[in-house]
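Remarks on the overall topology
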Amino acid sequence: MSDPNQGEKDDVRGYVAGYALALALTCAAFAVVRWPSFNRITTLAIVFTLGFAQAIVHFRYFLHITLAKSARDDLWLILFSVLIIVLMVSGSLVILMNLRARMM
Amino acid sequence: MSAAEAKHAGINLGDSDRETHEKAGSEIFGFWIFLMSDAVIFALLFATYGVMLRGTAGGPSAADEYRILPAFIETLILLTSSFTFGMASVAMKHGRGLRTVLAWMVITLALGLGFLAMELRDFSTMIADGALPSRNGNLSSFFALVPLHGLHVAAGCLWLAVMLVQVPCFGLDKRVKINLLRLGLFWHFLDIVWIAIFSVVYLQGLIR
Amino acid sequence: MNGAISPTILGRLEWLSLPFVRAWQNPTPDELIGAGAATIVVVGMAGTIALITALGKWRYLWRDWFTSVDHKKIGIMYVVLAFVMMSRAVVEGVLMRMQQATAINAPGIVEPDHFAQLFSTHGSIMIFFMAMPFLTGMINYVMPLQIGSRDVAFPLLNSISLWLTGGAAGLMMVSLVIGQFSTGGWSGYPPYTELEFSPDVGPDYWIWAVTLGSIGSTLSGLNFAVTIYKMRCAGMTMMRMPLFCWTTLCTSILMIFAMPPLTVATAMLALDRYLGFHFFTNDLGGNMMNYANLFWLFGHPEVYILILPAFGVYSEVVSTFSSKELYGYRSMVIATMSIAVMSFTVWLHHFFTMGQSASINAAFGIATMAIGVPTGVKIYDWIWTMFMGQVRFTVPMLYSLAFMMTFVLGGLTGIILAFPPLDYLVHNTLFLVAHFHNMLIPGLLYGMLAGYHYWFPKAFGFRLNEKWGQLAFGCWVVGFYLAFMPLYVLGAAGMARRTAEIFEPAFRPWLYVAGIGALILLAALVALFVQLWVSIREREANRVDAGDPWDGRGLEWSIAGPPPEYNFAVLPTVSGGDPFYTSKRNGDAYLPPERYENIEVPKNSVVGPLLGVFSAATGFALVWHMWWLAILGMLAIIITVIARSFIRDTHRIVSATEVERVDLAWRDKLFASRSISREMETTSANQGFAEVAA
């Protein structure tokens, strides 16, 4: 590290960038709902996509999960957790929605 | 291994504090695992919320009570608190002195408490309108999911308060630093859970 | 005598909550059995306390055990807890078999309500307070030694896990003396366990005991996973770890991700019962099927949490007692990993009959059959390991062999149950009971007992008695077959599980055989305790304190038995699999270190015992609606945690000279020992120093 302050500036810049991106995505998500201009399903899809993007922004800029080697353990852990969560949540929804449909 | 090499994701202490940096590897990884385990709890509450969306038993649904403005303001408060906590971490990493670190922490705590106050007001309005968790399954699932996040934020605030005592008490020693790193992860993680809450719960409910 | 004694202080506690009072008022055999069990608990507790006081051992126990954060001591305490709880649950199992054998067109010995408590506690204890502590203790003791570490990653957290589990087990025992336990089975299905149908304290005891235990297990899993990821000694790459460490890793991952669904399910049930929520109620939008879904999201991975560590033990045992490298190590690792992931994709087979569409059932049925494949791979690997090896039939090896044959039988009946149409015919019958006992007795109990015999000399420095071990083994195997094979027949004939009274005389002979089997299982338990007693008495003749009684392969055998608290005087460096076995053959085992250094070890802490007591008190208070105590308990927990974070003086130093003194003393003993060949390893000639064939 040649300039000790350089690291700090980079770190601050990272947080500011993350904050700005997250703000933009949040506002966009609320705006599509506040001023509806698409049908229900499309709006929902947009909201979920924006939410997913924002989660990635948070992981990248606030939690510093990157593709760098040092973050690899954590990245694998998170990806594995996502796999398990997707299995559990989608499984629960499919099973119980199916039951509801068959009972109604 | 050179100390500058990053040990874990997130703010690394490699440049500024060699010894703590070496120790932090397993402590931080352990905390990540805890967070992922906690994420499963939230995920299942989301699944339950989805399953019980129609379980209103003729009564009011949680979605009838959602209002977009408070939800939006709460979101902004929590997002900003994530940013201010990030500033506290940066200040700690680069040895900006206790005062700067403490100032950012106090701001974060104030935002956290503000969020909780707004959320409590939302809940009390709902209850005053007769939308009680004991009214139907749909409301039960709402009142398990969203207040659990609130409880986590409250725990985070308590943790912050304890750290506000420990930072002046011990200075930025090894344990304080590691604890602040972990609290940072916790705080940012709660913000991510909140993204899911405002998308899946509030905005989905508000789409007409 | 009716009504709450003092609602503000004692909540809903009544005089009639005490089984002694009930038995006094209404001395039926059923109430007398209840009061007798309560008496055993009270007298047992009082006797233990009196004995410790008389021996003046309180200080010793507190200082050297209860507050210890040493992974080895914590491991031993877990196993002791497992044995205590196993004793109770085996007796309950025997009582159930006796009831069914006597209750053919007759009321039998216990009332239906009492019978329901018996099967609920038997199941809950065997899973949460016998199996989980046993395997957690085994992992705690062995895994850090095998990867060449001085402790687990978070020693204090380890102690907290132990005491949470201990507190939960305490709640189970208290339920015998104050109030009664749930009658809703180990799975606690609502709506039966909802307030409407079970207004008493039983389900609450179940909820809080299970919740505390599951939090303890989650934390253990986290601890083990970080230990394996971050604390391996130099050169110990993942693919050089003993297989037991791999199964530990997979079990830990399952604990981390599969215990939360249980916590969610029990917490929701608690919200329903305490605050009038409607998650699983019949009315007002409740969805009881979601409970089955959440419970088995935990329940199925749990099966593999239980079985994988035993697979690890068998891999170690079979390889050691065949003096051969484990066959197909890589395939074993892959199989273990696949089982861990696939275990999250089959949970629906526990409720095929709930009413979802046939295509969903089919998908989960196929997944269930697929999970048998990696297990089959493992069985072949063990067989090939023995092939052409120098096989010795020691007690751990006998358990391994019995496991392989018995477990395959259980697996075959599992395939039957995995067909949804066949499952419709036998679900909720004794066929299922026979099946899961057929999986868990060989797949958990035999494995843990094999591990207990195998590593006992490491932990205590002397071998267990071989004769009594063989006798216990014989009883466990014969007892198992007699007790559970008839249940397949009965189940196929349509006898429902959890039946207190039977109205089909044709079932009589089978129930008699099963009853005899249960008594033999009880004898097996007794034989285990006799073995321990005999072994302690003749310990001087069976000392193996040089540390390597079986010509072991992993690092755990390269140090003294019992090891010093810091395990390794100097942290080892390894350059391949089976490191100790190889270095014995290369002649570079037991090389004295160049120099000794100071070792930092964690100090004892009262935090673990305190949190255990506070959380058990909170649980008890919630069961009985003693709100003041519940609030006090929760505050005490929070304050303890915060107070601990202010303590900075958490470590102490073992000086290099002390390390050197202990290490040299062990080396003197080691080189004074006579090395023995494998034929003599079960004789008193074995001092723990293995002869290496040139």
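Now for a look at the structure at hand.

About the thresholds
- Residues numbered from 1 in each chain as written.
- Chains lettered and ligands numbered in written order.
- Predicted model: local features only at pLDDT ≥ 70, side-chain atom pairs only at ≥ 80, totals over all residues.
- Heavy atoms only, no water.
- Helix = DSSP H or I, 4+ residues; strand = E, 2+ residues; numbered from the N terminus.
- Rg over C-alpha atoms; globule rule 2.2 N^0.38 Å.
- Buried < 20%, exposed > 50% of the residue type's maximum accessible area, 1.4 Å probe, protein only.
- Axes fitted to C-alpha atoms, helices over the stretch in contact; angles between N-to-C directions.
- Left-handed = near helix turned anticlockwise from the far one by under 90°.
- Contact = heavy atoms within 4.5 Å.
- Nonpolar A, V, L, I, M, F, W, Y, C, P; charged D, E, K, R; others polar.
- Patch = residues over 30% accessible without salt bridge, like charges linked within 9 Å, V, L, I, M, F, W, Y side chains within 5 Å.
- Areas by Shrake-Rupley, 256 points an atom, 1.4 Å probe, with all protein chains shown as cover.
- Salt bridge = Lys/Arg side-chain N within 4 Å of Asp/Glu carboxyl O.
- Buried area = accessible area lost by both parts, 1.4 Å probe.
- Polar contact = N/O pair within 3.5 Å; in protein donor to acceptor, adjacent residues only side chain to side chain.

**Examining the overall build of chain C**
Within chain C one finds 22 helices and two strands. Compactness check: chain C gives a C-alpha radius of gyration of 25 Å against a globular reference of 26 Å for 694 residues, within 12% of the reference. Along the first, second and third principal axes, the C-alpha atoms of chain C reach 75 × 55 × 45 Å. When the 694 residues of chain C are sorted by exposure, 60% land in the buried category.

**Section: the packing of helix H3 (residues 72-103) of chain A against helix H9 (residues 243-275) of chain C**
Axis separation between H3(A) and H9(C) bottoms out at 12 Å; the angle between their running directions is 40°. Once H3(A) is placed against H9(C), the crossing between them reads as right-handed. Residues Leu77(A), Phe80(A), Ser81(A), Ile84(A) and Met88(A) of H3(A) lie in contact with H9(C), whose contacting residues are Ile253(C), Phe257(C) and Pro261(C). Residue classes in the contact of H3(A) with H9(C) are distributed as seven nonpolar, one polar and no charged.

**Description of a nonpolar patch on the surface**
A cluster of nonpolar side chains, namely Leu158(B), Trp627(C), Ile631(C), Leu635(C), Ile638(C) and Ile639(C), defines an oily patch on the protein surface of about 590 Å² accessible area. Per-element tally for the nonpolar patch: the top contributor is helix H21 (residues 627-645) of chain C, with five residues. In this fold, Ile631(C) is placed in helix H21. Under the relative-accessibility criterion, Ile631(C) is labelled exposed at 53%.

**With respect to the interface of chain A and chain B**
A common way to express how large an interface is: the accessible area buried when the components associate. With 47 residues of chain A at the contact, the number on the chain B side is 48 residues. Together chain A and chain B conceal approximately 4,300 Å² of surface at their shared face, both sides included; 79% is due to carbon and sulfur atoms. Considering only the side of chain A, the residues that lose the most area to chain B are Tyr15(A), Phe30(A) and Leu63(A), jointly responsible for 16% of the buried surface there. Where chain A packs against chain B, one counts two salt bridges. The shortest N-O distance in the salt bridge between Lys93(B) and Asp11(A) comes to 2.9 Å. Counting every contact that joins chain A to chain B gives six residue pairs in polar contact (both at pLDDT 80 or more). Elements supplying a minimum of two residues to the side of chain A that touches chain B: helix H1 (4-34), helix H2 (40-62) and H3 of chain A.

**Brief notes about the interface of chain C and chain A**
Between chain C and chain A, the residue contacts involve 21 residues of the former and 17 residues of the latter. Taken over both partners, the interface formed by chain C and chain A buries close to 1,500 Å², and the fraction arising from carbon and sulfur atoms is 78%. When the buried surface of chain C facing chain A is broken down by residue, Phe257(C), Met289(C) and Phe344(C) rank first, second and third, together holding 29% of it. Run the count over chain C and chain A and you get one salt bridge. The partner of Lys230(C) in a salt bridge is Asp73(A), and the shortest N-O contact between them spans 3.8 Å. Between the two partners, chain C and chain A, sit three residue pairs in polar contact (both at pLDDT 80 or more). Among the secondary structure elements, those contributing two or more residues to the side of chain C that touches chain A are H9, helix H10 (288-320) and helix H12 (358-370) of chain C. Of the residues assigned to the side of chain C that touches chain A, the class counts are 13 nonpolar, seven polar and one charged.

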